[in-house]
Amino acid sequence: MLNRKKSSKNALPPGKYRMGGEHFKDDAAFIKTAVKDVKRLEKYAGLTAQSNLYDWGCGAGRLAVGVREHFGRVADYHGVDIQPEVLGWAEQNLSAPGFRFTLVNVSNERYNPDGSPERTLAAEPGSVDVFYAYSVFSHMNDEDTPAYLRLIHEALAPGGMAFVTCFVEEDVPGWEENPEGYGPLDWKGRLHCTRFARWHFEDHVNAARLAVSRFEYGQETDGQSLYVLRKR
Ligand SMILES: C[S@@+](CC[C@H](N)C(=O)[O-])C[C@H]1O[C@@H](n2cnc3c(N)ncnc32)[C@H](O)[C@@H]1O
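Residues numbered from 1 in each chain as written. Predicted model: local features only at pLDDT ≥ 70, side-chain atom pairs only at ≥ 80, totals over all residues. Heavy atoms only, no water.

### Focus: the pattern of salt bridges
Oppositely charged side chains are able to pair whenever their charged atoms sit close together. Counting across every chain of the model gives eleven salt bridges. The closest approach of N and O atoms between Asp37 and Arg62, which form a salt bridge, is 3.6 Å. One end of the pair, Asp37, is in helix 1 (residues 27-45); the other, Arg62, is in helix 2 (residues 62-70), and 25 residues separate them in sequence. Its salt-bridge partner being Glu177, residue Arg190 comes within 2.8 Å of it at the nearest N-O pair. Note that Arg190 is positioned in the loop between strand 6 (175-177) and strand 7 (194-197) and Glu177 in strand 6, a separation of 13 residues in sequence. Given a relative accessible area of 43%, Arg190 falls into the partly exposed group. Look at Glu177 and you get partly exposed, because its relative accessible area is 27%. Among the charged side chains, a salt-bridge network with shared partners connects Asp37, Arg40, Arg62 and Glu220. (Salt bridge = Lys/Arg side-chain N within 4 Å of Asp/Glu carboxyl O. Helix = DSSP H or I, 4+ residues; strand = E, 2+ residues; numbered from the N terminus. Buried < 20%, exposed > 50% of the residue type's maximum accessible area, 1.4 Å probe, protein only.)

### A short note on helix 3 (residues 84-94)
For helix 3, every residue scored as buried is listed here: Val86, Leu87, Trp89, Ala90, Asn93 and Leu94. All buried residues of helix 3 fall inside an arc of 155° around its axis, so they share one side. Buried residues belonging to helix 3 abut helix 2, strand 2 (76-81) and strand 3 (99-103). (Arc of directions from axis to C-beta. Contact = heavy atoms within 4.5 Å.)

### Concerning the pairing of strand 5 (residues 156-169)
With respect to burial, strand 5 is a largely interior element, twelve of its 14 residues being buried. In terms of strand pairing, strand 4 (residues 128-133) meets strand 5 through five bridges, oriented parallel. For Ala133, the partnering residue across the bridge sits in strand 5 and is Val164. A crossover links strand 4 with its parallel partner strand 5, the connecting element being helix 4 (residues 144-155), and its sense is right-handed. (Pairing = 2+ DSSP bridges. Right-handed = clockwise from strand over helix to strand, strands pointing away.)

### What to know about the site of the ligand
Close contacts around the ligand come from 19 residues, with Trp56, Gly57, Arg62, Asp81 and Tyr134 the closest. Residue Tyr148 places a side-chain N or O atom 3.3 Å away from a nitrogen atom belonging to the ligand. In isolation the ligand offers 600 Å² of accessible surface; the protein chains occlude 97% of this area. Each residue belonging to the shell around the ligand can be placed in one class, and the counts come to eleven nonpolar, six polar and two charged. (Near = heavy atom within 4 Å. Polar contact = N/O pair within 3.5 Å; in protein donor to acceptor, adjacent residues only side chain to side chain. Areas by Shrake-Rupley, 256 points an atom, 1.4 Å probe, with all protein chains shown as cover. Nonpolar A, V, L, I, M, F, W, Y, C, P; charged D, E, K, R; others polar.)

Quick look at the structure:
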């Protein structure tokens, strides 16, 4: 279990931080979604207690909470984000043997507009058994997306798998920002919702020398789809 004290220091971070706070209204919902995802990583991407697990756009470390609840720990959980407040919270409250967090100052128009244009995952090439990116490509432009897919290919170990979510639809333009009338929310501000045509996202996947192992349409947050990717 999480070591949760009554002080505000250890309460889960307030929804004002940009990490999908609307969807995780209380601690119990936050933990439940995390454990569910860890079990799906086990089933679809081969996650075990011996895995090196990389959590891209980890926010406040939701997945780390799930790993702790379900496995205790894995060989290496590495959470990476570009927002100092949420990453700082995770680092302060969830760092432990087997759990580490890295802040990278790279640019994303929504979350870190003044960051560096030099993209990095801060991962050793060939080191990641299971790569997780939940609601990250759903806030990404159409130049960063293929570039990061190539970096994911580079970071994955042989046989490694990536579990990612994004908005994809048939018969829509290749890439769109905040498409009007789409999904359950009134999209506001840069990259609140980025939607890909399915063929376009899968072209990026192929160009990055990745292949689709599993596709589930529309069942994730706000109607995102799930891709499980492997190295080609
Ligand atoms: C909607 S939140 C999802 C948080 C978390 N994955 C979850 O499901 O609880 C998107 C996260 O991606 C992070 N992010 C966006 N671009 C990133 C990048 N290039 N590198 C690392 N993190 C990034 C944001 O800072 C934000 O915390």
